[in-house]
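Descriptive structure summary
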Amino acid sequence: MNTTPAIPEIARLLEAGSVIPYLGPDMLGLCGNVQVPATPLALAEIMTAKVSVPHKIRKRLTQAAQFIENFKHRKTVVHLMNEAFASAPAPSALHLALAACHTGLWVDTWYDDTFMHALRLARPQGGWVQVQGLSQSEHFGQWTQTYDAAGQALPDPAANLADSPAAMLYKPIGAHSPAGNYLVSDSDYVEVLTEIDIQTPIPSAVQAWRSGRSFLFLGCRFDDQLTRSFARQIMKRSSAQHWAVLPDEPTRMEARFLQEQNITRIAMPLAGFADALVSALQPALAA
């Protein structure tokens, strides 16, 4: 399908605050000199190269992390994650353009700090916060923590800034900075998925902002039940029009998910889409 004509419309809606960018790990493919893992498999291989786990789960991230947590302590998992994501890739032109646009919410579903640095470059005056998902094994009863633009924890994370004008970077599975919060093991995800249908782990500010708005999925695949579950629940009660840049032919389950969620597939390479969208956003960003 040819959805290239949708790009100027997506750019217009982004600037109007009507589209929420939803970023996946493939966004790292737009960055240069990337020294962090860009897939769950790559992350699993890094972790299991340093801690021995049973062969059958060496390539399964959540199971490997759970084994390490059970037999080497949660602190070992966090230490390995902090090492894996210690380097911050330089943000791409698309990262910077999305950070500068007028949306009030970005959703980033990988652990790297790239988009946080894009926001610091695009908005040096601040005016945004980061809201991260928390592991219940470390923060029982608290689902998220909010940080200001400088990385300082805000004192009332339960409020989640629902009444604040600040723009939000939402990291539902955590992030390296500023505090090494990660959802990565089987038990981390079980705790969240047990409650996510009733929206408990999703910040009230995110629930409020998404209402009636569209999502633009970039660098995401939906060929895994976890990614589909998170996307489905984060999108809940949003608009009926969404887009996903998916250059590869969707799997059967991906195609079903796209249809179910009214997501239009943009069948072009992410790098080509990035160039076109950045170009379409330039007049608005220069204004």
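Everything here concerns the structure above.
Report on the accompanying structure. (Residues numbered from 1 in each chain as written. Predicted model: local features only at pLDDT ≥ 70, side-chain atom pairs only at ≥ 80, totals over all residues. Heavy atoms only, no water.)

1. Side note on the overall build of the protein chain
- Looking only at helices and strands, the protein chain features 11 helices and 10 strands.
- Expected size for 287 residues packed as a compact globule is a radius of gyration near 19 Å; at 18 Å, the protein chain falls within 12% of this value.
- With respect to the principal axes defined by its C-alpha atoms, the protein chain has extents near 55 × 45 × 40 Å.
- Considering the protein chain as a whole, with its 287 residues, one finds that 53% of them fall into the buried category.
- Taking contacts inside the protein chain between residues at least 6 apart in sequence as the whole, the part at least 24 apart equals 69%.
- Accessible area for the protein chain stands at about 12,400 Å²; split by element, carbon and sulfur atoms hold 53% of it.
- With 22 positive and 25 negative side-chain charges, the protein chain shows a spacing of 4 Å between the two charge centroids. (Helix = DSSP H or I, 4+ residues; strand = E, 2+ residues; numbered from the N terminus. Rg over C-alpha atoms; globule rule 2.2 N^0.38 Å. Buried < 20%, exposed > 50% of the residue type's maximum accessible area, 1.4 Å probe, protein only. Contact = heavy atoms within 4.5 Å. Areas by Shrake-Rupley, 256 points an atom, 1.4 Å probe, with all protein chains shown as cover. Lys, Arg positive; Asp, Glu negative; His and termini not counted. Charge placed at Lys NZ, Arg CZ, Asp CG, Glu CD.)

2. Some thoughts on the pairing of strand S9 (residues 242-245)
- Neither face of S9 is left uncovered, since the one carrying His242 and Ala244 and the one carrying Trp243 and Val245 both have all their residues buried.
- Relative to strand S10 (residues 263-266), S9 runs parallel, the two being bridged by four bridges. For Ala244, the partnering residue across the bridge sits in S10 and is Arg265.
- This β-α-β element, S9 to helix H10 (residues 252-260) to S10, shows right-handed connectivity. (Pairing = 2+ DSSP bridges. Right-handed = clockwise from strand over helix to strand, strands pointing away.)

3. Considering the nonpolar core
- The biggest cluster of nonpolar side chains holds 52 residues, and the ones touching the most others in it are Tyr111 and Phe217.
- Beyond its immediate stretch of four places on either side in the chain, Tyr111 contacts Leu43, Met81, Phe85, Lys171, Ile173, Gly174, Ala175, His176, Tyr182, Leu183, Val184 and Tyr189.
- In this structure, Ile10, Val19, Leu218 and Leu277 belong to the second largest nonpolar core, which totals 35 residues. (Core = buried A, V, L, I, M, F, W, Y, C linked by side-chain atoms within 4.5 Å.)

4. Re the environment of Arg60
- Here Arg60 lies in the loop between helix H2 (40-50) and helix H3 (61-72).
- Spatially, the C-alpha atom of Arg60 lies 6.8 Å from that of Leu41, the residues being 19 residues apart in sequence.

5. What about helix H9 (residues 225-235)?
- Arg228, Ser229, Phe230, Ala231, Gln233, Ile234 and Met235 are the residues of H9 that are buried.
- In this structure Asp224 caps H9, since a side-chain oxygen of it lies 2.7 Å from the backbone nitrogen of Leu226.
- Positive phi appears at Arg237, one or two residues downstream of H9, with a value of about 65°. (Polar contact = N/O pair within 3.5 Å; in protein donor to acceptor, adjacent residues only side chain to side chain.)

6. Digging into the packing of H2 against H3
- Contact geometry of H2 with H3 gives a least axis separation of 9 Å together with a crossing angle of 25°. Relative to H3, H2 is oriented roughly parallel. The way H2 lies across H3 gives a crossing that is left-handed. Where H2 approaches H3, its residues Pro40, Leu43, Ala44, Met47 and Thr48 are matched on the opposing element by Leu61, Ala64, Ala65 and Ile68. (Axes fitted to C-alpha atoms, helices over the stretch in contact; angles between N-to-C directions. Parallel < 35°, antiparallel > 145°, perpendicular 65-115°, else oblique. Left-handed = near helix turned anticlockwise from the far one by under 90°.)

7. Points about the sheet that holds strand S5 (residues 167-171)
- What the eight strands build is an open sheet, ordered S4-S3-S5-S2-S1-S8-S9-S10; its pairing is mixed. The open sheet terminates on both sides in strands that have one partner only, identified here as strand S4 (144-147) and S10. Averaged over all adjacent pairs, the angle separating strand axes in this sheet is 20°, with direction ignored.
- Judged from the five bridges that link them, strand S3 (residues 128-133) and S5 form a sheet pairing that is parallel. By the bridge assignment, Val131 is partnered in S5 with Tyr170.
- Packing of helix H6 (residues 114-122) onto the sheet brings it into contact with strand S1 (19-23), strand S2 (105-108), S3 and S5, and relative to S3 it is tilted by some 170°.

8. A short note on the packing of H3 against helix H7 (residues 186-196)
- The contact between H3 and H7 brings their axes to 7 Å, and the two run at 110°. In terms of orientation, H3 and H7 fall into the roughly perpendicular class. In this structure, H3 uses Thr62, Gln63, Gln66 and Glu69 to contact H7, whose residues at the interface are Asp186, Ser187 and Tyr189.
- Taken together, the residues of the contact of H3 with H7 sort by class into one nonpolar, four polar and two charged. (Nonpolar A, V, L, I, M, F, W, Y, C, P; charged D, E, K, R; others polar.)

9. Considerations on the environment of Gly24
- Mapped onto the fold, Gly24 is located in the loop between S1 and H2.
- In this structure, the C-alpha to C-alpha distance between Gly24 and Trp110, residues 86 residues apart in sequence, is 6.0 Å.
- Look past the residues within four positions of Gly24 in its chain and what remains in contact with it is Thr109, Leu218, Gly219 and Cys220.

10. Quick look at the pairing of S4
- Burial of the side chains of S4 extends over both faces: Thr144 and Thr146 are buried on one face and Gln145 and Tyr147 on the other.
- The pairing of S3 with S4 spans four bridges and is classified as antiparallel. If you follow Gln130 over to S4, its bridge partner there is Tyr147.

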